[in-house]
Amino acid sequence: MKTKLTQLKLTKKGYGLFPYIILKIDTNYYMQVPIHFVKGGGDIDINKHLGIYVDNVPLKILLTTDRETQLNLFHDDIIEATKTFIGKFKHYNKKEPELCIVFGKDRALFYNEGIFKESNAIPTGGILVSQTNVVLAKNAEHYIEGYKHKETKSFNEEFSHTYRNTFHIPMDLSEVNAIHIKCDFNTVRVADYETEDKNIIITIENKIGNSLIDFTKASDYRMYCFNENQVLTSRHYALNNSSNFIIQTPQKFILLIKH
């Protein structure tokens, strides 16, 4: 598949990107099943992103390693997830599927009656459809040629886009390159704690009342608020904070990412 503007929308659902499953439906008729990596404990919206999932990937690996590294680290997990898919296929269709796992342009595992066999040739051509029978390609490669998967992602770039309301407080706070402020009072003046290259984590130890984060004369930030269950509940922007700009939240754990 040559990269086109319209095809970039497909990548949001995992189509055209390694790894994926190719399921043979008929002669020269194939279905692509995306394989998604999600963090441990992350919510999965199967209606939005059809496919199979490796759902035990640590957040730090998702954000700081490239796709090839992830494929190698979770090679066996991909196979196990595919075996689950095969089991469901056999249950509903009463027959063995013809499929393979495609890891790259020259690396695949073909499945045949319970056995996976490695090959340096991958399926190509024919009519390729999505799991909802949308035609992805005709007589072309089954991956998007020229598309570069977003590999190593900085926390600042991907935090708000990837995890949204499913993101939990990271176990290792050093991941976010931040200083940690613990405060007995409900009001924190951000400008008093700023450093040139650090984000800011704020823990309000006073559990009574709302937290008031004062951005007066502070740099621009994105603000993320977590509840007592360590789940992200709200996001805010604090921009052009010349004077008297305060954001109020009932939450007591707050992460400020420089904008």
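For the structure, check the block above.
All chains use their own residue numbering, which begins from 1 and follows the written sequence. Note on the predicted model: pLDDT of at least 70 is required for a residue's local features to be given, and 80 or more for side-chain atom pairs to be given and counted; whole-chain, interface and lining totals, by contrast, use all residues. The basis for every side-chain value is the complete set of heavy atoms in the structure, and neither hydrogens nor water enter the calculation.

So, on to the environment of K39. Secondary structure elements are taken from DSSP: a helix is a run of H or I of four residues or more, a strand is a run of E of two residues or more, and numbering for both begins at the N terminus. By the element assignment, K39 lies in strand β2 (residues 29-39). The sequence separation of K39 and L62 amounts to 23 residues, and the corresponding C-alpha distance is 7.3 Å.

A separate point is the pattern of salt bridges. In the sections that follow, a salt bridge refers to a side-chain nitrogen of Lys or Arg positioned within 4 Å of a carboxyl oxygen of Asp or Glu. This structure, assessed with the given rule, holds five salt bridges. With a shortest N-O distance of 3.3 Å, K90 and E96 are connected by a salt bridge. You can call K90 partly exposed: its relative accessible area is 33%. Note on classification: 1.4 Å probe, protein chains only; a residue is buried when its accessible area is under 20% of the maximum for its type, exposed when over 50%, partly exposed between these limits. By relative accessible area, E96 is classed as partly exposed at 33%. Among the salt bridges present, the one from D214 reaches R189, with a minimum N-O distance of 3.9 Å.

Turning our eyes to something else, we now look at the sheet that holds strand β9 (residues 178-183). Strand pairing is assigned whenever DSSP identifies at least 2 bridges connecting the two strands. Taken together, the five strands give an open sheet; going across it, the order is β9-β11-β16-β13-β14, and neighbouring strands pair in mixed fashion. With one partner strand each, in any of the chains shown, β9 and β14 (232-238) form the two edges of the open sheet. If you compare each strand with its neighbour and ignore which way they point, the axes differ by 20° on average. By the bridge criterion, six bridges tie strand β13 (residues 221-226) to strand β16 (residues 253-258) in an arrangement that is antiparallel. Pairing of F226 across the sheet is with F253, part of β16. Helix axes are fitted to C-alpha atoms over the stretch in contact, other axes to C-alpha atoms as well, and angles between N-to-C directions run from 0 to 180 degrees.

Turning our attention to the nonpolar core. Core analysis: the largest hydrophobic core is formed by 25 residues, its most contacted members being F37 and I78. The set of elements that each furnish at least two residues to this core consists of β1 (20-26), β2, β3 (52-57), α2 (59-64), α4 (75-93), β4 (99-104) and β5 (107-112). With six residues, the single largest contributor to this core is α4. In this structure, F37 is in contact with P19, V54, V57, L62, R67, Q70, L71, F74 and I78, ignoring residues within four places of it in sequence. The next biggest cluster of nonpolar side chains, apart from the first, holds 17 residues, and it includes I181, C183, F215 and A218. We call a set of buried Ala, Val, Leu, Ile, Met, Phe, Trp, Tyr and Cys residues a nonpolar core when their side-chain atoms join them within 4.5 Å. Residues are treated as being in contact if the distance between any of their heavy atoms lies within 4.5 Å.

The next point concerns the side chain of T249. Within the secondary structure layout, T249 lies in strand β15 (residues 246-249). For T249, the residues in contact, after removing those within four places along its chain, are N210, S211, M223, C225 and I254.

Everything listed is a geometric property; what it means functionally is a separate question.
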